Amino acid sequence: MKPLQKVAASILCVIFVLMVLATFLLPAHYAQQFRDIPNAGPSPAHLLGTDALGRDSLSRLLYGTRVSLLLAPAAALLSTFIAALLGSAAGLLGGWFERIVLAATDLSLALPWLFLLLVVRALLPLDVPPLVSVAIAFLMMGLLGWQASVRVICAAARGVRDSDFLLLARSSGCKPVRLLLRHVAPNLRPLFYVQFFISIPLFILTEANLSILGLGVMEPMPSWGNLMRGFEDFSMLSANPWRLAPLVLLVTVVMCFQLVLPSQEVTQ
Amino acid sequence: MEIKKSTSLLRLGLRRLLFLVSLGLFGALFSATLVRFAPGFGVEERELDPRWSASSVEALRRQQALHQGLPSFYFHYLSALAHGDLGQSDSLKRPVGELLRQRLPITGNSVLRGLGLAWLAASLLALLGLASRGWLFAASTTALNSLLLSLPAAVVAMLAVYLRTPVFFAIAVVVFPRLYSYIRSLLLRAYDQPHVLAARARGLGSSVILCRHILPLAAPPLLALIGVSFAISFGAAIPIEALSDSPGLGQLAWHAALGRDLPLIVNVTLVVSLIMLAANVFADLAGRTFAGNAP
Amino acid sequence: MIRRLSVVLSLAIALCCPAFVAAQSAGQSGGELHFCLHGEPKTFNPLLVEDGQSETIRYLTGGVLIRLNRQTQALEPGLATSWKVSADGRTIKFHLRSGLHFSDGTSFTSEDVAYTMKALMDPQLHSPTGDSFRSGEGQIAIQTPSADTIVVTFPSPVAGLDRLFDQVAILSAHSSKKEMAVLGPFYVADYTPGSYVLLRRNTYYWKKDKEGKPLPYLDSIRLDIQRNHDIEILRFRRGEIHLINSLDADLFDRLKKESPAAAHDAGPSLDSEFVWFNQVPTAAFLEYKKVWFRTTEFRRAISLAINRADLSRIVYGGHAQPAYGPISPANHFWFNSALPTPQYDSAAALRLLAGAGFHFDGNTLRDGLGNPVEFTVITSTGNKPREQMVAMIQQDLSQIGIKVNIVTLDFPSLIERITRTYDYEACLLGFTNSDLDPNSQMNVWLSSAENHQWNPRQSKPATAWEAEIDRLMQAQASATSDKKRKADWDRVQQIVAEQQPFIYLINRDAMSAISPAVIGSAPSVLDPHAFWNAEVLRLGSDPSLGAQK
C-alpha cells in the first residue's frame, strides 16, 4: 500500500475505535439539556461547547459518528446485494432482461426518491423507537441507492458470461440459477466487495445531504447530517469555528475511504 | 454499406426513442400511483384554518375527491397529454406546462454551464497530469479531488449561497471530481497502451499522440461519460436548487413533493425521466457508433 | 505543451469569471420599497385570498371601507366616511366618500360595493373572507339609496360586523380590468411568476397626508419571491431589501448583534404555540391511554410540569412570553387578565397526578393499572422552534417519569392524522392569528366544528364543560354588545384554563427587520408588522445602502 493509503487507513481505524468506545467516552447523554449554558463555547466540562438547547456537542458528535458509521455500511450492504443480484442476472441472461434492468436503473434515478422517503417516514407507526426509525431511514437509502453499482456489475457479468468455463458449465446442462450462484457470483465476489466499500462513503454523504434538508435522521437523535443543519449562518460559524467539527470529521472519513480504495469509475 | 449502417442506426435510434418515451410515461404513472396512495394525499393546509365554514370545507373535500379514482386519473391525464395539456398545479394554481416552460430553461442553463465548466476543468487538469507526471502534482490533485468528493452537495450549495456564486458553479464543483478521476484514469490507461508507447518511442509530438492515438481510444467511454455526467448533474441540481432557492426544476420538484401536488409531481417526473433516459441513450448510442468507427 | 495547457486553462477560468461577479446595478432612484414574499401569490382576486402572500398584495392594493389601525387597534374610516351597525347586529349602513376613482380611472360608487358584497356572499364562492360573514343561512339584502350610501342586511346577526370589513377590498363593477382595478395605495403593475411582483403608486388613491399631499409617498414596491429565510436575511444585510416583515427569533438575534437599529421587537403577538392530547373516542391507540388523556388532572399536571420560562428563554431567546390561554395579552380588549398563570412546578404536578391515581416510583410514572406513562408527540418537520420545544418538553416530562417520543412529520401527513384518521396521541402545533376578535375562532371552540382539534365534529358535546363552551359561543355570536361578548369570552378562557384541552405554551413576539433607510415605520404586533402603514412610508438616503437591485 502506498504511504498515503496507509495514513488514511490508520485514521479510519482510530475513528472506528473511538466510535466503539463512544459509550464509555460520552461525557453526557446526547439528549441531556444543560439549560443554563446554551450555545456555550468549549470548556473543560464540554470540550466542544453546547448546542442551542444546551446539549453537549462532543457527546452528540460521538453518538452521531456511531449513527452514521454503523448504518452507512448497512445501507451499503443492502444496496450492493440488490445491485449484485440484478446486475449479475442481467449480465448473465443478457438480451431483453438486461435492457429492462438497465432501463429500470436509469428510470429509478429520475423518480422522486425524495417523495418516497417522505412517504415511508409518514407511514411508520408512531411508537417506533428512534433507533429503529433511523435504521429504516438507512435501509430506505440502501433500497434506493443500488443504481450506481448495477452497470459495473452487469458489465463484469457480461464478461464472465463469455468466458470459457461458463460455456463449459452451460453446455453440461447447468441451470441458470445454479450458474449464477455457483459460477458467476463467486467470480464476481471481489467486485462485490469493492462496490460495497465504495458505497459506504456514498451513503455517508447521502445521509448528510438528506439530514441537512431535514429528511434524514430526525431530532433529537444526532447524526453528522443533522449536526450540520445550522450551517447556513456563516457569521455564527466564523465566530464559533468548533461548530465545524462534524463537517471536518465527515470530510476526513470520506476522504480516507476514497484514498484507501482503488480509483473507480464515475458513480452517483 | 454505409447507407445500410446509417439506416440500421436510425432504426435503432427510433426504437430506443419509443422505448424511452414509454418508459418515461411508465415512470410518470408510477409516481402518480405513489403520490395517490401516500399518506397526506388530498389533505390541504387550509383545513386547519378555522375561518372556513363547514360547508366550504365540504365543498373543498368534494373537489379533492375528483382526483380519487386512479384509473380515471390515468385516463384523463393521458388523453390530456395527447392534446398537449399537462394539467394544472394544485398548489401553485397555474398550468403545469407554463411552469415547466419557465423553469426548465433555468435548470437547463445551470446544468449545461456547470457541466461545461466541470468537463473543461477536468479535461484540462487531466491533460496537465498526463504531461507532468511528478508526484507533487498527482498528490495535490488527488487531495483536492478527494476533498471535493467528500463535501456533501448540500454543503456546497450553502457555500455557493454565501459566496454569491451562481448555481452552475455549485453544480460544477459537485460533478468535477467524479469526472476528473475517471478521465484521468482513462487517459493514463490509454497513454500506456503499447501502440502509444511505440509512437512516443518514435518521438512523435505530444499533441499528435493526443489527437491521433489517445483520443480515439478514449472517445467511446468519454462519450458514454457525457451521458452519465449529465444525469449526475441533473440529479445534483435538485438539492442545490432547493437550498439556494433558484427558481428551476429542482425547486419545483422539491415543492411538489412536500405539497403532494399530484399533477406537478407526475409531469416533473415525466420530464426528468425523459431527460435522464435520453442522456443515457445518447451516451450508449454514441459509444456504439464511435466504437464501430474507431480504426 | 504544459505551458500551452496552462494558458488555455487560465483563459477558460477567466472567461467564466464574469459570471461569478454579482450583478452591479444602478443605485436606487429613491422611492422603491423592496422586500420579499415567502412564496407565490395564489390569486390577485381579493375575494379569494387565503394565503399570506395574496393577503400582502391585497393589503397593499385593496381599498377597504373600514380600516383597522394596526397600532391603535381601533377602526378608522377608509372608503366609508362613517358607518352604523343596527341594534340587532344584522344591518350596516355606510356613507361613502364621493368623487373617488379606481386605479384605471373608473369612478367609485355604491354600486361597486354592492357588486363586491354580492360576489362575496355568493354561496358558490368559498373563501375565508366570505365565510367570516356567514353567520347563518339565507341571502343578504343590499340597498343603494344613493351613489354614496349603501345598506347591507345579513340574514342573522354577525358578531363584530364592522371589523370584518377590514378584509373586504372593493372590486369595480364596471372596469374592464376586473380585479386589477383597485382603490388602494398601489396597484399590480407587473408580475413575473417565480420572480417578483411590482406594485406602482396608484395616482387615484384617495388618501392625503396632513399637509394635503397625495399619498402614498413611495413610487413603487417590489416584492421578490424568496422562500429561503436565510437568503432573505443575507439580502437584507447587504442592503438589497428594506424590510423583513416577520423574523424568527434566532435570525432576529443574529441581526440585532450586527445592526441593532434595524431589528424591531414589537412585543408579544397574537400567535401561540400549544400542545394537545387526542381525545377522539374512536382513535386507534390503546384504551388506557385514552383514559389518561381524558382525565383533566392529567392534562393540568402536564401543563404544570412544562417549564414555559425555559421554552421562551432558550428556544426563542427571550422573544416570547409564556401563554396560558387562547387569547394573547397583546389583545388588549379580549384578554382575560384575571386568568391564573400557574408557574412551573413539577412537585405540584406529581401531587395532582397522585390524586388522579397515578404513581411515581422515582423513575417512572405509572397509572392505576401499572402501565408506564408513555406517549408520542407529533409535530411538523422543518420548523426548528417546534422541534426544539418538543425536545425540551421531553426532558421536562422525564423529570416526572413520563417518557415522551418525538415524531416529526411533513405537513400533509400531519394534517391527515389530526383531521382525518385521528391516528396520533399528542400534537404540538401553532396558531397564526391575525384577527383581534376571537369570533373568528368559532370553529375551534364549537364541539360540532371541524377545528375542535382534540375531538372534532362531535354529534353532541362529550363533556359538560364542552357543552358550556358551546352555549357561550352561541351566546356571544348573537350578543349585541361587546361588553356582553367579553363576559362570555372571559368565561370561555376560564374554562380552558381549568380544563386545558389545549395546553398553551408561548406567545411569540412580533419581530421584524426594517432598514434605517425606511422613514415613518412603526412596527406593530398585528400583521403586517412592518408595512401596515405603507402609504406613509418613505425612503431616505442611508450610507449603509450600497448597490441594490
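Residues numbered from 1 in each chain as written. Chains lettered and ligands numbered in written order. Predicted model: local features only at pLDDT ≥ 70, side-chain atom pairs only at ≥ 80, totals over all residues. Heavy atoms only, no water.

**Points about the interface of chain C and chain B**
Convention followed: The contact definition used throughout considers only heavy atoms, calling two residues in contact when any of these lie within 4.5 Å. The buried area of a pairing is the accessible area, by a 1.4 Å probe, that goes missing from both parts when the two are put together, added over both. The term salt bridge refers to a side-chain nitrogen of Lys or Arg lying within 4 Å of a carboxyl oxygen of Asp or Glu. Definition of a polar contact: a pair of N or O atoms within 3.5 Å, with one able to donate and the other able to accept a hydrogen when the atoms are protein atoms, and with sequence-neighbouring residues admitted only if both atoms are side-chain atoms. Put simply, DSSP marks the helices as runs of H or I at least four residues long and the strands as runs of E at least two long, and each gets a number from the N terminus on. All residues other than Ala, Val, Leu, Ile, Met, Phe, Trp, Tyr, Cys, Pro, Asp, Glu, Lys and Arg, Gly among them, are scored as polar; the first ten of these are nonpolar and the last four charged.
Across the contact, 49 residues belong to chain C and 52 residues belong to chain B. For the pairing of chain C and chain B, the buried interface totals around 4500 Å² over both sides, and the portion due to carbon and sulfur atoms is 60%. Connecting chain C to chain B are four salt bridges. The closest approach of N and O atoms between Arg-420 of chain C and Glu-47 of chain B, which form a salt bridge, is 2.6 Å. Inspection of the region where chain C meets chain B yields 14 residue pairs in polar contact (both at pLDDT 80 or more). Secondary structure elements with two or more residues in the side of chain C that touches chain B: helix H1 (2-20), helix H4 (128-133), helix H6 (229-237), helix H13 (411-421), strand S18 (426-431) and helix H14 (442-445) of chain C. A per-element tally of the side of chain C that touches chain B places H1 of chain C first, with nine residues. Broken down by class, the residue content of the side of chain C that touches chain B amounts to 22 nonpolar, 14 polar and 13 charged.

**Let's talk about the pattern of salt bridges**
Applicable threshold: Only protein chains enter the accessibility calculation, which uses a 1.4 Å probe. A residue is then buried if its area is under 20% of the maximum for its type, exposed if over 50%, and partly exposed in between.
For the structure shown, the criterion picks out 39 salt bridges over all chains. One salt bridge connects Arg-201 of chain C with Asp-219 of chain C, and the closest N-O pair in it is separated by 3.1 Å. With Arg-201 of chain C in strand S9 (residues 196-201) and Asp-219 of chain C in the loop between S9 and strand S10 (220-225), this residue pair connects regions lying 18 residues apart in the sequence. Judged by relative accessible area, Asp-219 of chain C falls into the partly exposed class, the value being 35%. Linking Glu-468 of chain C and Arg-471 of chain C is a salt bridge whose minimum nitrogen-to-oxygen distance equals 3.8 Å. A residue pair is termed a helical-turn pair when its members lie 3 or 4 positions apart in one helix, as Glu-468 of chain C and Arg-471 of chain C do in helix H15 (residues 464-478) at three residues. Take Glu-468 of chain C: its relative accessible area is 23%, and that puts it in the partly exposed class. One salt-bridge network, in which partners are shared between bridges, spans Arg-164 of chain B together with Arg-222, Asp-224, Arg-235 and Glu-240 of chain C.

**Some points on the nonpolar core**
The nonpolar side chains of soluble globular proteins are, as a tendency, buried together. Convention followed: For this analysis, a nonpolar core means a set of buried residues of the types Ala, Val, Leu, Ile, Met, Phe, Trp, Tyr and Cys, connected via side-chain atoms within 4.5 Å.
Core analysis: the biggest nonpolar cluster contains 132 residues, and Phe-138, Ile-204 and Leu-250 of chain A together with Ile-183 and Ile-214 of chain B have the highest contact counts within it. Contacts of Phe-138 of chain A, omitting those with residues within four sequence positions, involve Val-67, Ser-68, Leu-71, Ala-72, Ala-75, Glu-207 and Val-217 of chain A. Listed in part, the 57 residues of the second largest apolar core include Ile-244, Phe-375, Tyr-422 and Ala-513 of chain C.

**Overview of the sheet that holds strand S6 (residues 141-146) of chain C**
All names here are of chain C. Rule in force here: A strand pair is defined by DSSP finding two or more bridges across the two strands. To obtain each axis, a line is fitted to C-alpha atoms, and for helices this fit is confined to the stretch in contact; angles are then taken between N-to-C directions over 0 to 180 degrees.
In space, the four strands of this open sheet follow the order S4-S5-S7-S6, with antiparallel pairing throughout. Lying at the two open borders of the sheet, with one neighbouring strand each, are strand S4 (80-85) and S6. Across this sheet, the average inter-strand angle for adjacent strands is 15 degrees, counted without regard to direction. Bridging between S4 and strand S5 (residues 91-96) involves five bridges; their strand directions are antiparallel. Residue Ser-82 lies in a different strand from S5, and its bridge partner there is His-95.

**Considerations on the interface of chain C and chain A**
Of the residues lining the interface, 29 residues belong to chain C; the matching set on chain A comes to 21 residues. Interface area for chain C against chain A, summed over the two sides, is near 2100 Å², with a carbon-plus-sulfur share of 50%. Interface area lost by chain C to chain A is led by Ile-314, Gln-395 and Arg-417 of chain C, which between them contribute 22%. On the surface where chain C and chain A come into contact, there are three salt bridges. The residue Arg-229 of chain A makes a salt bridge to Glu-387 of chain C at a minimum N-O spacing of 3.7 Å. Our count for the chain C to chain A interface comes out at seven residue pairs in polar contact (both at pLDDT 80 or more). A breakdown of the residues in the side of chain C that touches chain A according to their chemical character gives nine nonpolar, nine polar and eleven charged.

**Here we look at the side chain of Asn-371 of chain C**
Topologically, Asn-371 of chain C is positioned in the loop between strand S15 (365-366) and strand S16 (374-380). Excluding residues within four positions of it along the chain, Asn-371 of chain C makes contact with Tyr-288, Trp-292, Leu-365 and Arg-366 of chain C.

**Observations concerning the confidence of the model for chain A**
Note the cut-off: A score between 0 and 100, pLDDT records how confident the predictor is in each residue.
Residues at a pLDDT of 70 or more form 97% of chain A, whose mean pLDDT is 82. For residues 264-268 of chain A, every residue scores under 50 in pLDDT, and the model assigns this stretch 21 contacts once sequence neighbours within four places are set aside.

**Details of the packing of aromatic side chains**
Residues and elements named next belong to chain C. Applicable threshold: Pairs were defined over the aromatic rings of Phe, Tyr and Trp, the Trp ring being its six-membered one, requiring ring centres within 6.5 Å. Orientation was assigned from the angle between planes: stacked under 30 degrees, edge-to-face over 60, tilted for the rest. Only when the NZ atom of a Lys or the CZ atom of an Arg is both within 6 Å of the ring centre and within 35 degrees of the ring normal do we say a charge sits over the ring.
Under the defined criterion, the tally for this structure stands at 35 aromatic pairs over all chains. Between the aromatic rings of Phe-133 and Phe-154, the centroid separation amounts to 5.6 Å while the plane-to-plane angle is 5 degrees, which identifies the pairing as stacked. With Phe-133 in helix H4 and Phe-154 in the loop between strand S7 (149-153) and helix H5 (161-164), the pair connects residues that are 21 residues apart, well separated along the chain. An identical accessibility class is assigned to Phe-133 and Phe-154; each is buried. Measuring from centroid to centroid gives 6.4 Å for Phe-298 and Phe-375, while their planes differ by 70 degrees, and the two rings are edge-to-face. Taken together, the residues Phe-298 in helix H9 (residues 296-305) and Phe-375 in strand S16 connect sequence positions 77 residues apart. Relative accessible area serves as the criterion here: at 0%, Phe-298 is assigned to the buried category. Judged by relative accessible area, Phe-375 falls into the buried class, the value being 2%. Through a chain of ring-to-ring contacts, the aromatic side chains of Phe-274, Trp-276, Tyr-424, Trp-445, Trp-454, Trp-465, Phe-502 and Tyr-504 assemble into a single cluster. Lys-290 extends its terminal NZ or CZ atom over the ring of Phe-285, reaching a point 5.8 Å from the ring centre.

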